[in-house]
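# Per-entry structural report
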Amino acid sequence: MAVCIAVIAKENYPLYIRSVPIQNELKFHYTVHTSLDVVEEKISAVGKAMADQRELYLGLLYPTEDYKVYGYVTNSKVKFVIVVDSSNTSLRDNEIRSMFRKLHNSFTDVMCNPFYNPGDTIQSKAFDSMVTAMMVQAS
Amino acid sequence: GSLSLSSFLPSLPPSSFLISPVSPPGAGDQALFTSLYTPLAQQLPREPMEWRRSYGRAPKMIHLEANFVQFKEELLPKEGNKALLTFPFLHIYWTDCCDTEVYKASVRDNMMRWQGKLRLHGSADWVIVVVETSDAKKKNKTNILPRSSLVDKIHQIKICVVLSDPLQDSSRSQESWSAFLLKLRTLLLMSFTQNLGRFEDDMRTLREKRNQPGWSFCDYFMVQEELAFVFEMLQQFEEALLQYDELDALFTQYVLNFGAGDGVNWLGSFCSPVKSWTGLLLRRPIDMEKRDGIQRGQASLLELRSYLFCRQCTLLIFLQRPWEVTQRALELLHNCVQELCLLEVSMLEGALDCWVFLSCLEVLHRIEGCCDQAQLEANVSHTVGLWAYATDKLKSLGYMCGLVSEKGPLSLELNRTVDLLAGLGDEKAETVHSLQSPYKKLKEALSSVEAFERHYLELSHAAVEMYRAIGRMRSAQLIGKSLAEFYMRKGDPELAESFLQNALRSYVSEGWSLPVTHTRKQMAECQKLLGKTENYLQTSALLAGDANLTDEERIHFCQEILTFANQSTDSKGKQPKVALSMSSFAQLKQLQFRPATATVHSGTALQVELCLLSLMPVAVPLEQLAASVHLNLEQGGTNGKTRGPQSRPYPGTVLFPLANSSGMPPSAACPSLELEEIQDRSPLDPHTLNSTGMVCKNTHLVMRRHDSSPSPDTPNLVSPVPVVMDDGAKVLMSGDVTLLPGNNSIVFSSQELGTYTLRQLCATVGQVQFVLPHISPLVQYEVYSQEPQLTVEPLTDQLLAGLPQRAKVRLQTGHYTVKKGDALQLTNIDSMPVLTSSSCPATILNSTAEHVGESVLFIQSSEKVTCISLPPTPPYHTLEFQLEVLCVIPSDPVWPENQRLTNGEIRHRNIFCHCLCHCLCPQMSIDCPWSIYSTPISLTFYIPFKAKHSLLSAGNRKYIQVCLQNVSDVNFHLMDQRLTEKHQESSLELQSLNTKAQQLVCSKQSVYCVWDVRWKENMPLCLQCVFSASFSSASEEVSSFKPYHYEFQLERVTTLYSVRAEIMPAAGEQNCHSGSLCGLEMSITRLAEPEDNEDDGETEEVCSTKLMYEVADSSNSWVVYGRSSGLVSMPADANANHRVQVELMPLFAGHLPFPDIKVFKYLPPSANSTSQPDTDGCVENDTLSLLDRPLDDQGDTASIRSRGSVHSVGSGEQQSRGLPMPRLEPFNPGQVFNHSQGCQVLVLPSTDDHVLEINAT
């Protein structure tokens, strides 16, 4: 399960970012922010090849000693980043993909809310609880 | 001689297939093989063979190379031997025996023995080669073993190949060689495939046993690696790599299972404490040292991983995939760290860092060794991760070993360094002589603070450069930040600052609040050390208002500011105050004007209430809060119209868009759209819409590029931008304010005259000033001064003359205070007296039109002035009261031309401006107490009636008709209409034929009155009459009638001639018929003596008057035949009669009106004219009369002119040139009475309508 889940706007500011445990929050912010480099690299690399039938899942952005950072980008250039603990080896690519899909669906629901102003930080409870379900339960 | 076998040895160059010839004991064929060895070894690998493989794997073309070894029984594989490298794949028995005897004597037995041994070891792959040479045949001609027989014999056993004359250069020899080689290759490959398959099966079997106790990974490793070696030698690197990858995956899985609690015994050896961390060693293709360790089951986890990676690296480089090496290296290093942790391998703290650092550099060196510079630069993205990782590890080593602190390492840290270095062991032989080996680098870096710094900076800068080069700016900034931390540790804040600034700018621009806060804290520390007071205070202000920090931290930073502010005050420093941006300190949320119009007159105070949101965690006492304002000159001293920001949700309130809090990126806080609906209406019809749409009013803000350099709106966030203070501007001040956390309300008030724009806001705390450099949107307020104004306006839409009307007098006092005893003096005018009695009520309103008081005015009228005493009224109030006035309708007839004449010259004080619309504008002047000049006041009154008169005749009798039209919107009662002669001289009697009762004249309607005029003596030439009536408004309950007069004049009233006409049908007809001629007889009779003065200049013809008649038809129903006009001479005596006959033809049937008969006075040309026409009788000259008629009634003569026009025009022109023209003069209405006016005659339709004449003119 994830240790950090972030939704990042097209303009690269965080729409939503949550991490466990809390005390490492800053580190995750740095990690997710830095991962945008790779996201942008991947988007531009793929963009040249075939922009229309692009795979939304960007795969492993970069591994660090402690974490693996996965990326996903919607067609509207909203980025999802999931950070997984490296020691958590039970997670396969497919599971990460399905997490992203779930995240995307929930994000779409948020966007469909007429009271949500696109570009605002996400405060939806439904989204929050969905993210919580995907996160490592802080013991 | 005999045969051979193949063996693979890993130490040999890869992909060589070795078969060694072995000669059986006692046989002498060693020499034979030796002679053939060289061509054989050369030619065997020359051509590729297709290698078909089991399990559906794709066939491959491979070159076979063999190593030939002499046959020894010991070399034959024993049961259970798993070695594939030393496996003899093919056994060859070489013989050149062609002698039957020899064969029988020794070769056969020898062969049988060899075969027996092979059979014993289960080896079925063998071949017998018989070499035939012509020399041997020649030598031994007698005892030649028939080739066929030998071959046959051997065939019985197994396989035999004949090689003929191998050393001769003949076609036969070549053929035999190639056949032999093909055979050999086929057999060899067959054997190889078979044995490989068997080997793989064995290996799989072994792997399946992996869960049985006693299974050892190391043993299995060696077996599968054997396979990898074989593939490597066959140059099947892909296959070889696959074997290692399988081993890798297998091992990884075991480690993971171990982590999941499923431990296996053999893993125990890998869990032992790590004593050596020499890092990867990639310079050798095979690290035999580590391989031995694995074989012995004594390798540590790191050694196994190192060896495995080393082999993978070698193969990947053979495959020319160096970038996969770097990628796998990074994965491996991360993985190892995890595995060590998972297996709970105890390791000296920092040892793993050493291993990772060395490994990173080793991989990079290896890659640099096999790629050129251009390739390396193009693939920085693959290597930069390793650089960054190495940098990171070196950094943590440095921190661990005390190499980063200013004071140098402590003894504990020194000991740790020594331990770490010990684990590195001695440098490997390969790199001993290179200057830049990873080993040397690490050793040097750990040796001293300076060396560490050098190496660390070198690595960091390299990594930063690489990240920059590939556009990974964020990664570069992160390394930059750790560099900054390093510099800060080293006590070198100058160098740290720029890195922090870079990072901070990026985080701010992308809106990452936590990193912003963290970096800003580091920045504050750095700025404090640098002594950049202003920047430090600004950063502190930002941090004090940062919600991401704890209250303690926020209070600390807030206290820093307050401490500085107070210190400087104590020291009475002369240094200028420090100006900081206010946005970090407090936000202006709302501004409210009281009164809401933001406009006050001088003398009253305008209040401005600011709502400031203080971001500080504690209450901050402000010495003062000042808002500087700018006087708008161009609007200075205006008249007090309401202005200020338009379209506010609440009047008088300006809401300020929330400025960027540090958390929101500028892009997110981009201005919201200001949309406005536009409608384009048709200019003709306001209810028709041409188009409608939405307009964005702030496109310039919305469409602004977001990716441009940091916008000037967010200066405060990264580094303070110098705040410019308006100097010498007017300020609104509020002293000793304490800003509490959260919303605060501060009230300013202003009294100074002028229109002001709020520019800046400045909060002063001791030596610190927080300045809001711009207040946007623009806010203006106005304090104005106004002159007193007096206006008089009608109470109703229109003021009507002749009736008492009300007018409202409004006095706006402006800056003037109306004192007791002040009075307005109205100059009386006769035409418009003021009717209001001695007192009238007045109301007093304040500047916002609220009712504040009532009062009574006293009005005194004297002959010339009316004096209205005013009640005391404060300034900027309005005094209103009503005056009743009456405008007298002038009785003179209204001739606009005349009136204008008198306007300028005579009437000065009683001016009537009389317009066509019947209105009067009497002008009065009022003297006001505040001015020496009179105020002219003009009111417009509309005359409610319009009168017309006309004279009606019946023979000699005369009637006067007056038409009175009500032009106003009001209904009137009318009574007492009278007509009198103005001078009452003549003996006229005007007898009214009208009703005596009161009449209602509705709006826009008319009343007609008629009088019968009788006279006893001669009728006067000129009648001057006055019409008078009384009227009152019908809506008024108590009708007070007001007089209305109308004067007019009539001239030449008496009837002089009467004209009588008669239409007679043609002779013999009863009625007229259309289309046939009939006669018109007219008779003109003189009724009265011509007046003496009637025909001036006709003295010579007193006896008779010449008249001209004309028969004209205006309705086009008659055609005049012959002449239509003529002159008649009327004798002067009364009752003189003249008859004229004219021929007519009616054009239509029916009751046709008589044609018009007109009579004019004919004034012949001047008396001395020679060509005087005959005065006697009629002058029958159509054309003359027509051309010279001064009256322009051509339409009436249209039908006349149509006849004989050619002639008449020609003669007319001639006459008009040479002769003075006769003149025609019309009679006044009433002078000629037409008896047959309005008569009709019956015209029957033509009997023969076939000859109807169509007459077109």
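Please read all numbers here as calculations on a predicted model, not as lab measurements.

### A few points about the sheet that holds strand E36 (residues 988-992) of chain B
All names here are of chain B.
- Within the open sheet, the four strands sit side by side as E33-E34-E38-E36. Their pairing is antiparallel. Each edge of the open sheet is held by one strand with a lone partner, namely strand E33 (945-954) and E36. The mean angle between the axes of side-by-side strands here comes to 25°, regardless of whether they run parallel or antiparallel.
- Relative to strand E38 (residues 1006-1015), strand E34 (residues 957-966) runs antiparallel, the two being bridged by eight bridges. When the sheet's bridge partners are listed, Tyr959 is paired in E38 with Asp1012.

### Observations concerning the side chain of Gln977 of chain B
All names here are of chain B.
- Note on placement: Gln977 falls in strand E35 (residues 972-981).
- Look at Gln977 and you get buried, because its relative accessible area is 8%.
- In this structure the side chain of Gln977 is engaged in a polar contact, spanning 2.6 Å, whose partner is the side chain of Gln999.
- Filtering out sequence-adjacent residues up to four positions away, Gln977 remains in contact with Thr995, Gln999, Val1007, Cys1009, Trp1011, Phe1027, Ser1028 and Ala1029.

### Regarding the packing of aromatic side chains
- Under the counting rule described, the total for this entry stands at 30 aromatic pairs over all chains.
- Put simply, the rings of Tyr57, Tyr72, Phe80, Phe100 and Phe107 of chain A pair up and form one aromatic cluster.

### Quick word on helix H2 (residues 93-112) of chain A
- Relative to the 28 Å expected for 20 residues at 1.5 Å per residue, H2 of chain A spans 29 Å between its end C-alpha atoms, a close match to the ideal helical length.
- Among all positions of H2 of chain A, only Ile96, Met99, Phe100, Leu103, His104, Ser106, Phe107 and Val110 of chain A are buried.

### Quick look at empty space enclosed by the protein
Residue and element names in this part refer to chain B.
- The tally for this structure, following the rule as stated, stands at nine cavities of 30 Å³ or more.
- Its boundaries defined by the atoms lining it, the largest cavity holds a volume of some 160 Å³.
- Contributing to the lining of the largest cavity are 16 residues, with Thr278, Leu280, Leu281, Lys428 and Tyr439 lying nearest its centre.
- If you list the elements that add at least two residues to the lining of the largest cavity, you get helix H12 (351-370) and helix H16 (438-445).
- Per-class residue counts for the lining of the largest cavity are seven nonpolar, four polar and five charged.

### Observations concerning the layout of surface pockets
- The computed volume of the second largest pocket comes to approximately 1500 Å³.
- Surrounding the second largest pocket, 41 residues form its lining, Tyr62, Pro63 and Thr64 of chain A together with Ala388 and Tyr467 of chain B being those nearest its centre.
- Looking at the lining of the second largest pocket, the elements with two or more residues in it are helix H1 (25-49) and strand E3 (57-63) of chain A together with helix H11 (322-342), helix H14 (380-400), helix H17 (449-469) and helix H18 (473-489) of chain B.
- It is H14 of chain B that contributes the most residues to the lining of the second largest pocket, 10 residues altogether.
- Considering only residue class, the lining of the second largest pocket consists of 16 nonpolar, 13 polar and 12 charged.

Reading the values: the criteria
Residues numbered from 1 in each chain as written. Chains lettered and ligands numbered in written order. Predicted model: local features only at pLDDT ≥ 70, side-chain atom pairs only at ≥ 80, totals over all residues. Heavy atoms only, no water. Pairing = 2+ DSSP bridges. Helix = DSSP H or I, 4+ residues; strand = E, 2+ residues; numbered from the N terminus. Axes fitted to C-alpha atoms, helices over the stretch in contact; angles between N-to-C directions. Buried < 20%, exposed > 50% of the residue type's maximum accessible area, 1.4 Å probe, protein only. Polar contact = N/O pair within 3.5 Å; in protein donor to acceptor, adjacent residues only side chain to side chain. Contact = heavy atoms within 4.5 Å. Phe/Tyr/Trp six-rings, centres within 6.5 Å; stacked < 30°, edge-to-face > 60°. Expected span 1.5 Å × (residues − 1). 1 Å grid on protein atoms, 1.4 Å probe; cavity = no way out; pocket = protein on both sides within 12 Å on 5 of 7 lines; lining within 4 Å. Points joined across faces, edges and corners; volume = space filled by probe spheres on them. Nonpolar A, V, L, I, M, F, W, Y, C, P; charged D, E, K, R; others polar.

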